[in-house]
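An overview of the molecular structure
Here is what each chain is made of, one letter per residue.
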Amino acid sequence: MLFKFAAASPIWLDPAQVWSLSDPPIQFQREKMAMTPLLALTISIAVLGGVDTYLTATVLPIPVWVTFIAWASFFACGGTSAGFVKSVASNWIGVIISSFCLLAIAAAPGSAAFAAVSVGLGSGAMILASSHRALGFPPAIVFGFASTVGTVAATGSPITDASITNPALTAAFSILVGAAFGFVSEKFADVLATRRATA
């Protein structure tokens, strides 16, 4: 029989009882080390969000808000490699439709009615495009459309700009960068959760 002292009197314990009493705390400590998926994703996005902001403010002069829109679009499309492809493809379709609308508007500047008809047709085209199985998520197409229009407004560059600074090209590249950050943040979160769970 085993014993341990509590106050001044011994308490006699059976070996089986000693094992059963010591086992739960060990199990509890192991479970405490596991990181929840939410916490892992929070840390991942917090770190990479800062990296994204720093890069776009220094060496990569693209609209940071477009990268964040594409980042959110990646998760909205389900994440993983399939979500990456679906999100980027949908966003880029939105960029293309938006570019055609802006080109049409540029052909008749100052006409609110012409602009309204152009955007109306573009909006219908976005819904029609979403019927394709590879796209299938209208908001992601709208994200691309809005990002392009916003980039035109933010940069002041016209859609007719024939250089590499064309706002449609800038938006398309920013979307790709944002989706890449989304993919990496998902993988980083998975690594954090797995390592903590097995530590």
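Here the structure is a predicted model, which means the values were calculated and not measured. (Residues numbered from 1 in each chain as written. Predicted model: local features only at pLDDT ≥ 70, side-chain atom pairs only at ≥ 80, totals over all residues. Heavy atoms only, no water.)

**What to know about the side chain of Ser157**
Mapped onto the elements, Ser157 comes out in the loop between helix H6 (138-155) and helix H7 (167-198). Dropping the residues within four chain positions of it, Ser157 is found in contact with Val152, Thr165 and Pro167. (Helix = DSSP H or I, 4+ residues; strand = E, 2+ residues; numbered from the N terminus. Contact = heavy atoms within 4.5 Å.)

**So, the packing of aromatic side chains**
All told, the structure shown has 5 aromatic pairs when counted by the stated rule. Where Phe74 meets Phe75, the ring centres are 5.0 Å apart and the plane angle is 75°; that geometry is what we call edge-to-face. Taking the centre distance of 6.2 Å and the plane angle of 70° together, the rings of Phe84 and Phe183 count as edge-to-face. A residue pair is termed long-range when its members are at least 10 positions apart, and Phe84 in helix H4 (residues 80-107) and Phe183 in helix H7 qualify at 99 residues. Residue Phe183 is classed as partly exposed on the basis of its relative accessible area, which comes to 27%. Among the aromatic residues, ring-to-ring pairing joins Phe74, Phe75, Phe84 and Phe183 into one connected group. (Phe/Tyr/Trp six-rings, centres within 6.5 Å; stacked < 30°, edge-to-face > 60°. Buried < 20%, exposed > 50% of the residue type's maximum accessible area, 1.4 Å probe, protein only.)

**Here's the deal with the nonpolar core**
Val66, Ala70, Val95, Leu102, Val152, Ile159, Ala168 and Ile175 together form the largest nonpolar core, which totals 8 residues. Put simply, the parts of the chain that give this core at least two residues each are helix H3 (64-76), H4 and H7. Apart from residues lying up to four places away in sequence, Val95 is in contact with Gly144, Phe145, Thr148, Ala168 and Ile175. In this structure, Ile97, Ala129, Ile141 and Phe145 belong to the second largest nonpolar core, which totals 7 residues. (Core = buried A, V, L, I, M, F, W, Y, C linked by side-chain atoms within 4.5 Å.)

**Some words on the packing of H4 against H6**
Direction vectors running N to C along H4 and H6 enclose 50°, while the axes themselves pass 6 Å from each other. With respect to H6, the element H4 is oriented oblique. Our pair here, H4 against H6, has a crossing hand that is right-handed. The segment H4 lies against H6, with Ser90, Asn91, Ile93, Gly94, Val95, Ile97, Ser98, Ser99, Cys101 and Leu102 engaging Ala140, Ile141, Phe143, Gly144, Phe145, Thr148, Val149 and Val152. In terms of residue class, the contact of H4 with H6 is made up of 11 nonpolar, 7 polar and no charged. (Axes fitted to C-alpha atoms, helices over the stretch in contact; angles between N-to-C directions. Parallel < 35°, antiparallel > 145°, perpendicular 65-115°, else oblique. Left-handed = near helix turned anticlockwise from the far one by under 90°. Nonpolar A, V, L, I, M, F, W, Y, C, P; charged D, E, K, R; others polar.)

**Here we look at the environment of Ser185**
Residue position: Ser185 is located in helix H7. Since its relative accessible area comes to 0%, Ser185 is described here as buried. Along the sequence, Ser185 and Leu48 sit 137 residues apart, while their C-alpha atoms lie 6.8 Å from each other. When sequence neighbours within four positions are dropped, the list of residues in contact with Ser185 reads Leu41, Ser44, Ile45, Leu48, Trp71 and Phe75. Only 2.7 Å separates the side chain of Ser185 from the backbone oxygen of Gly182, close enough to count as a polar contact. (Polar contact = N/O pair within 3.5 Å; in protein donor to acceptor, adjacent residues only side chain to side chain.)

**Some thoughts on the side chain of Thr170**
Here Thr170 is to be found in helix H7. Of the residues examined, Thr170 reaches a relative accessible area of 15% and is grouped as buried.

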